[in-house]
Amino acid sequence: VANGRNVYRNIKNAIQFLLSGNTAAILAVLYTSIAGLAVPFQAVHLLFINLLTDSLPAIAIGMEPADKDILSEKPRNPKEGILNRSFMINLGIYGVLIAICTMVSYHVGLVTDAATASTMAFATLTIARLFHGFNCRSNHSIFGCPINRNWWCVGAFVLGLLLINMVLFIPGLHGLFEVSDLTGLQIGWIYLMAFVPTLIIQIGKIIREHIK
């Protein structure tokens, strides 16, 4: 029973991770379209995210061990689908948070030019989704579900971070991935905005755990 519940939960968490990240990308594109701004992502950016940096955390989430309290949970309704009310609420909140921070980076880059804005939006979305993998491991906060419980997630995060930084810092890859040179301040802004959604989500989980 514990193994079955854990497999189902991991599948559900992986789906939530993928859908919330894609929701953020859709909202960002929708915002720029409505505002009449340049597109925030090139086709190669979305391919990079979906094929490389997204797949790694999703697989790692599937390797998450069972929580200690997994057998104390009430049995789920077998007629209830994965996309239930709480799932969709979390999906919307996560997607909106990541989209807002991505667009903040986009506007910071837009002060320079559209190419810089696109690069900053791409990098922020990618790194934010890598951080977001830790949010989707469990309903518990990072204190209730320590990072070292699943080294696959840590490995996926480090490898994903290595890949995006190679794209940003190796000049030979700039043309292939349609990115611009960034200043140190812009790189710092990217990392700050990428981390903010995870910070907010984790604070929310901590508050919820204390209320319970």
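Residues numbered from 1 in each chain as written. Predicted model: local features only at pLDDT ≥ 70, side-chain atom pairs only at ≥ 80, totals over all residues. Heavy atoms only, no water.

(A) Main features of the overall build of the protein. When its secondary structure is counted, the protein shows eight helices and zero strands. Put simply, the protein runs from its N terminus to its C terminus through helices and strands in the order α-α-α-α-α-α-α-α. Relative to its length of 212 residues, the protein is compact, with a C-alpha radius of gyration of 18 Å against a globular reference of 17 Å. Structurally, the protein occupies a C-alpha span of about 55 × 35 × 30 Å along its principal axes. A burial count over the protein gives 44% of its 212 residues as buried. A separation threshold of at least 6 residues defines the contact pool for the protein, and within that pool the share at least 24 residues apart is 83%. For the protein, the accessible surface area stands at approximately 10,800 Å², while carbon and sulfur atoms represent 72% of it. The averaged location of the 10 negative side-chain charges in the protein is 14 Å from the averaged location of its 14 positive side-chain charges. (Helix = DSSP H or I, 4+ residues; strand = E, 2+ residues; numbered from the N terminus. Rg over C-alpha atoms; globule rule 2.2 N^0.38 Å. Buried < 20%, exposed > 50% of the residue type's maximum accessible area, 1.4 Å probe, protein only. Contact = heavy atoms within 4.5 Å. Areas by Shrake-Rupley, 256 points an atom, 1.4 Å probe, with all protein chains shown as cover. Lys, Arg positive; Asp, Glu negative; His and termini not counted. Charge placed at Lys NZ, Arg CZ, Asp CG, Glu CD.)

(B) Structural context of the pattern of salt bridges. On inspection of all chains with the given rule, the structure shows three salt bridges. Residue Glu 64 is joined to Arg 137 by a salt bridge in which the shortest nitrogen-to-oxygen separation is 2.9 Å. Highlighted residues: Glu 64 in the loop between helix H3 (55-61) and helix H4 (85-110) and Arg 137 in the loop between helix H5 (114-135) and helix H6 (151-169), separated in sequence by 73 residues. Using a relative accessible area of 2% as the deciding quantity, one classes Glu 64 as buried. Bridged by salt links that share partners, the residues Glu 64, Arg 137 and Arg 149 form one connected network. (Salt bridge = Lys/Arg side-chain N within 4 Å of Asp/Glu carboxyl O.)

(C) Seen up close, the environment of Ile 203. With respect to the secondary-structure elements, Ile 203 resides in helix H8 (residues 184-211). Judged by relative accessible area, which is 41%, Ile 203 ranks as partly exposed. Taking the C-alpha atoms as reference, Ile 203 lies 13 Å from His 132; in sequence the two are 71 residues apart.

(D) Representation of helix H1 (residues 2-35). For H1, built from 34 residues, the straight-helix expectation of 50 Å at 1.5 Å per residue is met to within 8% by its first-to-last C-alpha distance of 49 Å. Once H1 ends, the next one or two residues include Gly 36, with phi positive near 70 degrees. (Expected span 1.5 Å × (residues − 1).)

(E) Summary view of the nonpolar core. Phe 41, Phe 122, Leu 125, Ile 127, Ile 164 and Ile 190 are the most contacted members of the largest nonpolar core, which has 42 residues in total. Elements represented by at least two residues in this core include exactly H1, helix H2 (43-53), H3, H4, H5, H6 and H8. For this core, the element with the most residues is H5, which contributes 11 residues. Setting aside its immediate chain neighbours within four residues, Ile 127 contacts Leu 161, Ile 164, Ile 190, Tyr 191 and Ala 194. (Core = buried A, V, L, I, M, F, W, Y, C linked by side-chain atoms within 4.5 Å.)

(F) Molecular detail of the packing of H1 against H4. It is at 7 Å that the axes of H1 and H4 come closest, and there the two elements cross at 45 degrees. In terms of orientation, H1 lies oblique with respect to H4. The two elements H1 and H4 cross, and the hand of that crossing is right-handed. Listed contacts from H4 to Lys 12, Ile 15, Gln 16, Leu 19, Ser 20, Thr 23, Ala 24, Leu 27, Ala 28, Tyr 31 and Thr 32 of H1 are Phe 87, Asn 90, Leu 91, Tyr 94, Gly 95, Val 96, Ile 98, Ala 99, Met 103, Tyr 106 and His 107. (Axes fitted to C-alpha atoms, helices over the stretch in contact; angles between N-to-C directions. Parallel < 35°, antiparallel > 145°, perpendicular 65-115°, else oblique. Left-handed = near helix turned anticlockwise from the far one by under 90°.)

(G) Looking closely at unusual backbone geometry. Unusually for a residue other than glycine, Glu 178 sits at a positive phi of about 55 degrees. Assignment of secondary structure puts Glu 178 in the loop between helix H7 (171-177) and H8. Judged by its relative accessible area of 43%, Glu 178 is partly exposed.

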